[in-house]
Amino acid sequence: MTRRTYATDEIEVGWDASLCIHTARCLKAAPEVFDVHRRPWIVPDAGSAEEVIGAVAKCPTGALTVRRIGNVDPAEALPEQPNVLLVPNGPLMIRGQVEIVQPDGTVVRRSSRVTLCRCGASENKPYCDASHRRIGFSTADEAPEPEPLPRVPEAERESPADCG
Ligand code: SF4
Ligand code: FES
């Protein structure tokens, strides 16, 4: 399992390869900071701290984390309650502070961004590892979703298209 950190005087960015499903959202959000054709591929001081924090917040899996030096939490804006996005032909994307808990009560992960497998093919359960693309997982047969409740403003939701 590869976990790396990339620091400036202001912030420290962490990347957990086992959680990255290559959605490329970080690359789109801050291409000068995140560049897979460069080594190291993350250069946090190529952008402002705010820009890096904003890009990390777009990572749906929690593979990317960031903290301000001296702080644990970069004060990421989170929804009041966790919400679960049903990604078409893809995973369950949870946004908001959640804990992954084993049957004996052991907390194995705390994160504000978690992407869970619902295709059954992940080799990194309970997390999605992008195997849904390999197996051609389809949600086309799912029952229609119930009437949506007006809880999370649409503006706070991100397009799930690049996770499918
Ligand atoms: S946004 Fe997260 S999951 Fe997507 S490529 Fe970047 S690190 Fe990987
Ligand atoms: S939903 Fe992505 S691996 Fe199962």
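Predicted model, so just to flag it, every value in this text is computed and none were measured.

**Quick word on the packing of aromatic side chains**
Reasoning step 1: Applying the stated criterion to the full structure yields two aromatic pairs.
Reasoning step 2: Between the aromatic rings of Phe34 and Trp41, the centroid separation amounts to 5.9 Å while the plane-to-plane angle is 55°, which identifies the pairing as tilted.
Reasoning step 3: Using a relative accessible area of 2% as the deciding quantity, one classes Phe34 as buried.
Reasoning step 4: You can call Trp41 buried: its relative accessible area is 10%.

**Examining the UniProt feature "domain: Iron-binding zinc finger CDGSH type" (unreviewed entry) in the protein**
Reasoning step 1: The feature "domain: Iron-binding zinc finger CDGSH type" (unreviewed entry), as annotated in UniProt, sits at residues 103-138 in this numbering.
Reasoning step 2: Segment residues 103-138 splits into 14% helix and 28% strand. End C-alpha atoms: 29 Å apart.

**A short note on the sheet that holds strand E1 (residues 3-7)**
Sheet strands pair by backbone hydrogen bonding; their relative direction is either parallel or antiparallel.
Reasoning step 1: Ordered by their spatial adjacency, three strands build an open sheet running E1-E2-E3, and the pairing between neighbours is antiparallel. Where the open sheet ends on each side, the last strands, each with one partner, are E1 and strand E3 (64-68). Strand-to-strand, the axes of this sheet are offset by a mean angle of 20°, without reference to chain direction.
Reasoning step 2: Most of the contacts of helix H2 (residues 49-57) go to E3, to which it runs at about 145°, and overall it touches strand E2 (11-16) and E3.

**Points about the pattern of salt bridges**
Reasoning step 1: By the definition in use, this model includes five salt bridges.
Reasoning step 2: Residues Arg67 and Glu12 are paired through a salt bridge, measuring 3.5 Å at the closest nitrogen-oxygen approach. Placement of Arg67 in strand E3 and of Glu12 in strand E2 is noted, with a sequence separation of 55 residues between them.
Reasoning step 3: When its relative accessible area of 30% is taken as the criterion, Arg67 is described as partly exposed.

The rules behind each value
Each chain carries its own residue numbering, running from 1 in the direction its sequence is written. Think of it this way: whatever chain is written first is A, whatever ligand is written first is 1, and the rest follow in order. Where totals are concerned, whole chains, interfaces and linings use all residues; where local detail is concerned, this predicted model gives features only for residues with pLDDT of at least 70, and gives and counts side-chain atom pairs only at 80 or more. Hydrogen atoms and water are omitted, and side-chain values are computed over all heavy atoms in the structure. When two rings of Phe, Tyr or Trp (its six-membered ring) have centres within 6.5 Å they constitute a pair, described as stacked for plane angles under 30 degrees, edge-to-face for angles over 60, and tilted for the intermediate range. Partly exposed describes any residue whose relative accessible area lies between the buried limit of under 20% and the exposed limit of over 50%, with all areas from a 1.4 Å probe on protein chains only and scaled to the type maximum. UniProt positions are given in the numbering used here, feature names are shortened, and annotations may be inferred rather than shown by experiment. Secondary structure follows DSSP: runs of H or I at least 4 residues long count as helices, runs of E at least 2 residues long count as strands, and numbering of each begins at the N terminus. Note on pairing: DSSP must find at least two bridges between two strands before they are called paired. What counts as an axis is a line fitted to C-alpha atoms, over the stretch in contact for a helix, and the angles between N-to-C directions run from 0 to 180 degrees. We call two residues in contact when some of their heavy atoms are within 4.5 Å. One speaks of a salt bridge when a side-chain nitrogen belonging to Lys or Arg is within 4 Å of a carboxyl oxygen belonging to Asp or Glu.

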